[in-house]
Amino acid sequence: MALAYLTACGWAIEAHRYRAGRHEVDLVTRRGSLVAFVEVKTRRSAACGTAAEAVPWRKRRAIGRAAERWRMQYGRESDRYRFDLVTVDVDACGNTRVEHIADAWR
C-alpha cells in the first residue's frame with residue numbers, strides 16, 4: 001500500500017527493501033533530485049504506540065547506515081536526501097489510512 005501511495009503521489013521507486021549488510025531501508029524513492037529513504041510501519045491498533053514511536057534511535061541509525069551505502073553506490077552529485085516515514089493504519093473493519101510523514105527525522 002505504501003509503495004502504491006508514494007507512486008500515486010509522483011515518487012519514483014529507486015529500491016524496495018534495499019539491504020546493506022544487516023541493515024535495510026524499506027523504500028528508496030526519488031522525485032527529481034530529492035531522494036527519500038522511507039521506513040514503512042503498519043499498525044492495527046494504537047495499543048503498542050504509534051507508528052512513529054516504533055522507529056527508535058537504533059532503528060534510525062541502522063536505516064541511516066543503509067542509506068549511506070545506497071548514496072555511495074547510486075547517489076548523484078546534485079541529490080538531496082531525507083528520511084521519511086509512511087504509516088499504514090488498519091482499523092477493525094479492514095479500512096486503511098496511509099500517512100506520509102516527510103523529513104521524519106534527521
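Residues numbered from 1 in each chain as written. Predicted model: local features only at pLDDT ≥ 70, side-chain atom pairs only at ≥ 80, totals over all residues. Heavy atoms only, no water.

*Asks:* For this particular structure, what's the right way to read the packing of aromatic side chains?
*Replies:* Remark: the centre distance and the inter-plane angle together describe each pair of aromatic rings, the angle taken between the planes. Applying the stated criterion across every chain, the model contains six aromatic pairs. Centre to centre, the rings of F83 and W105 are 5.4 Å apart; their planes meet at 15°, and the pair counts as stacked. Of this pair, F83 sits in strand β4 (residues 80-90) while W105 sits in strand β5 (residues 96-105); the two residues are 22 residues apart in sequence, bridging distant segments of the chain. Neither F83 nor W105 differs from the other in exposure class; each is buried. Taken together, Y18, F37, W70, Y74, Y81, F83 and W105 form an aromatic cluster joined through their ring pairs. (Phe/Tyr/Trp six-rings, centres within 6.5 Å; stacked < 30°, edge-to-face > 60°. Helix = DSSP H or I, 4+ residues; strand = E, 2+ residues; numbered from the N terminus. Buried < 20%, exposed > 50% of the residue type's maximum accessible area, 1.4 Å probe, protein only.)

*Asks:* Got a minute to help me understand the nonpolar core in this structure?
*Replies:* Soluble, globular proteins show a tendency: their nonpolar side chains are buried together. Judged by nonpolar contacts, the single largest core of 15 residues is most densely connected at Y18, V25, V28, F37, W70 and F83. Within the residue set of this core, elements represented by two or more residues are β1 (12-20), β2 (23-31), β3 (34-43), α2 (57-74) and β4. Each residue touching F37, except ones within four places of it in the same chain, is listed here: V25, L27, V28, A67, W70, Y81, R82, F83 and D84. The next biggest cluster of nonpolar side chains, apart from the first, holds eight residues, and it includes A2, L27, V38 and V86. (Core = buried A, V, L, I, M, F, W, Y, C linked by side-chain atoms within 4.5 Å. Contact = heavy atoms within 4.5 Å.)

*Asks:* Hey, could you run me through the environment of E53 in this one?
*Replies:* Tracing the chain through its elements places E53 in the loop between β3 and α2. Take E53: its relative accessible area is 57%, and that puts it in the exposed class. As a C-alpha pair, E53 and R22 span 31 residues in sequence and 22 Å in three-dimensional space.

*Asks:* What should I look at first to understand the pattern of salt bridges in this one?
*Replies:* One side chain can pair with another of opposite charge once the charged atoms of both are near each other. All told, the structure shown has ten salt bridges when counted by the stated rule. Among the ionic pairs, E39 bridges to K59, the shortest N-O distance being 3.9 Å. Remark: K59 occurs in helix α2 and E39 occurs in strand β3; sequence separation between them is 20 residues. Note on K59: relative accessible area 30%, which makes it partly exposed. (Salt bridge = Lys/Arg side-chain N within 4 Å of Asp/Glu carboxyl O.)

*Asks:* Could you clarify how one ought to interpret the layout of surface pockets in this entry?
*Replies:* In this structure, the largest pocket spans a volume of roughly 160 Å³. Only α1 (2-8), β1, β2 and β3 provide two or more residues apiece to the lining of the largest pocket. Among the residues forming the lining of the largest pocket, the class breakdown is six nonpolar, two polar and two charged. (1 Å grid on protein atoms, 1.4 Å probe; cavity = no way out; pocket = protein on both sides within 12 Å on 5 of 7 lines; lining within 4 Å. Points joined across faces, edges and corners; volume = space filled by probe spheres on them. Nonpolar A, V, L, I, M, F, W, Y, C, P; charged D, E, K, R; others polar.)

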